[in-house]
Amino acid sequence: MSTVPAPEPRDPKAALVFDDPLNQQSSDDTDRGWGERPVGDSAADLRRFLDEKPPHHL
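Residues numbered from 1 in each chain as written. Predicted model: local features only at pLDDT ≥ 70, side-chain atom pairs only at ≥ 80, totals over all residues. Heavy atoms only, no water.

**Quick look at the overall build of the chain**
This is how the line gets drawn: For helices the rule is a DSSP run of H or I covering at least 4 residues; for strands it is a run of E covering at least 2, with both sets numbered from the N terminus onward. Exposure classes here rest on a 1.4 Å probe applied to the protein chains alone. A residue is buried below 20% of its type maximum, exposed above 50%, and partly exposed in between. Note on areas: Shrake-Rupley with a 1.4 Å probe; residue coverage comes only from the protein chains shown.
A tally of regular secondary structure across the chain gives 1 helix and 0 strands. Expressed as a percentage of its 58 residues, the buried residues of the chain come to 2%. A total accessible area of about 6400 Å² is found for the chain, and carbon and sulfur atoms account for 56% of it.

Rendered as structure tokens:
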């Protein structure tokens, strides 16, 4: 005679969600991250400019 183990409680995070994905705002729908730079000093800006400049622009 075999016994069936008791079912384990389900993880609510693992459940399928059937919401409409078009009703949710994605990260692309916001202005966050589009050209925003942290506020810094001018020396850091110059250093970044010189580091990112292609070699044929020297």
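**Describing the pattern of salt bridges**
A side chain with one charge can pair with a side chain of the opposite charge if their charged atoms come near. Under the convention used in this document: Counted as salt bridges are all cases of a side-chain nitrogen of Lys or Arg within 4 Å of a carboxyl oxygen of Asp or Glu.
If you walk through the whole model with that rule in mind, you get 1 salt bridge. As a salt-bridge pair, Arg48 and Glu52 come within 3.4 Å of each other at their nearest N and O atoms. Remark: Glu52 and Arg48 occur in helix α1 (residues 42-52); sequence separation between them is 4 residues, near one turn of the helix. Arg48 gets classed as partly exposed once you look at its relative accessible area, which sits at 38%. A relative accessible area of 53% means that Glu52 is categorised as exposed.

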